[in-house]
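Overview (structure and organization)
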Amino acid sequence: MPKALFILTSHDRLGDTGKPTGFYWEEVAAPYWILSDAGWQVEIASIQGGKPPADPSSEEGDAMTDEVRRLMADEAAMNKLAHTQKVDEVDVSGCDIVYLPGGHGTMWDLPKSEALGRVLAEAWEKGAVVGAVCHGPAGLLSARLPSGDPLVHGRRVAGFTNSEEDAVGLSDAVPFMLEDELKAQGGKHEKGPDWAPFALADGKLVTGQNPASSAEVARLMLKAAGQSDAG
């Protein structure tokens, strides 16, 4: 059974706003089921291990999708979420996909994690698919290849856009603007309309723009790994 590793944020505060944040449920749930239903084993890690924080806004209103409800109702999946492995203890040698869901929390701890950078570089060098969605591509900023180049350098990449950050009113709260930083590392940033699904693959690097893009990111990761989903 092929294996995918999801790596989540452990950061739970939106800068100095005092508001809670964390990972975004849809960006975990949709890819979890697309991969699981296609016969993949999905393991979950986080920066600090244990139970990662979820952004409460991602379980309200339209954000509470059928996939999120299915995940929350699944005892095995929720047990994995409650007991994630610490990122510096993970072994990616058996993983064919390494995936970074978003949520604003990722903007603080993923880019600074040397352990995550090592995991992503190792996965990339051994030919695994590396994927990320929404704010998850912030984690790609931690990865350097043996050449010293950033993982995203010279590659097509998507992520939460400046205009979307402005729209949610958090441009002054986040430590940097993700679109700008991806470009600063040499990424060939591409985007679609705000809030519309937009995902792309550059070889085995798969990225998506926003929560609506998470399912397409999962399908593109399967394709990049040489498989298609069950649907």
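Remember, it's a predicted structure, so these values are computed and weren't measured experimentally. (Residues numbered from 1 in each chain as written. Predicted model: local features only at pLDDT ≥ 70, side-chain atom pairs only at ≥ 80, totals over all residues. Heavy atoms only, no water.)

Turning our attention to the sheet that holds strand β3 (residues 85–86). One open sheet accounts for seven strands, arranged β3-β2-β1-β4-β5-β9-β8; its pairing is mixed. Where the open sheet ends on each side, the last strands, each with one partner, are β3 and β8 (199–202). Direction of pairing for strand β1 (residues 3–8) relative to strand β2 (residues 41–46): parallel, over a ladder of six bridges. Residue pairing in the sheet places L8 in a bridge with S46 of β2. (Pairing = 2+ DSSP bridges. Helix = DSSP H or I, 4+ residues; strand = E, 2+ residues; numbered from the N terminus.)

Moving on, we come to the nonpolar core. Grouped together as the largest cluster of nonpolar side chains are 72 residues, with contacts concentrated most on F6, I7, L35, L71 and L140. At eight residues, the largest contribution of residues to this core is made by helix α1 (residues 25–37). When residues no more than four places from it in sequence are discounted, the contact partners of L71 are W25, V28, A29, Y32, W33, A77, M78 and L81. (Core = buried A, V, L, I, M, F, W, Y, C linked by side-chain atoms within 4.5 Å. Buried < 20%, exposed > 50% of the residue type's maximum accessible area, 1.4 Å probe, protein only. Contact = heavy atoms within 4.5 Å.)

Let's shift gears to helix α8 (residues 214–224). For an α-helix, 3.6 residues make a turn, and residues three or four places apart therefore share a direction. Burial in α8 covers these residues: S214, A215, V217, A218, L220, M221 and L222. Those residues of α8 hidden inside the fold are in contact with α1, β4 (97–100), β5 (129–133), β8 and β9 (205–208).

This part takes up the pattern of salt bridges. Taken as a whole and judged by the stated rule, the model has six salt bridges. Note that K183 is salt-bridged to E179, the shortest N-O span being 2.9 Å. Of this pair, K183 and E179 both sit in helix α7 (residues 178–184), separated by four residues, roughly a single helical turn. K183 sits in the partly exposed class, given a relative accessible area of 42%. We note a salt bridge from K191 to E179, for which the minimum N-O separation is 3.3 Å. Taken together, the residues span a long stretch of sequence, with K191 in the loop between β7 (188–189) and β8 and E179 in helix α7 at a distance of twelve residues. (Salt bridge = Lys/Arg side-chain N within 4 Å of Asp/Glu carboxyl O.)

With respect to the secondary-structure elements, V98 resides in strand β4. What makes V98 buried here is its relative accessible area of 0%. Between the C-alpha atom of V98 and that of T161, which follows or precedes it by 63 residues, the distance is 22 Å. The contact partners of V98, leaving out residues within four places of it in the chain, are L5, I7, V92, L120, A123, V129, V130 and G131.

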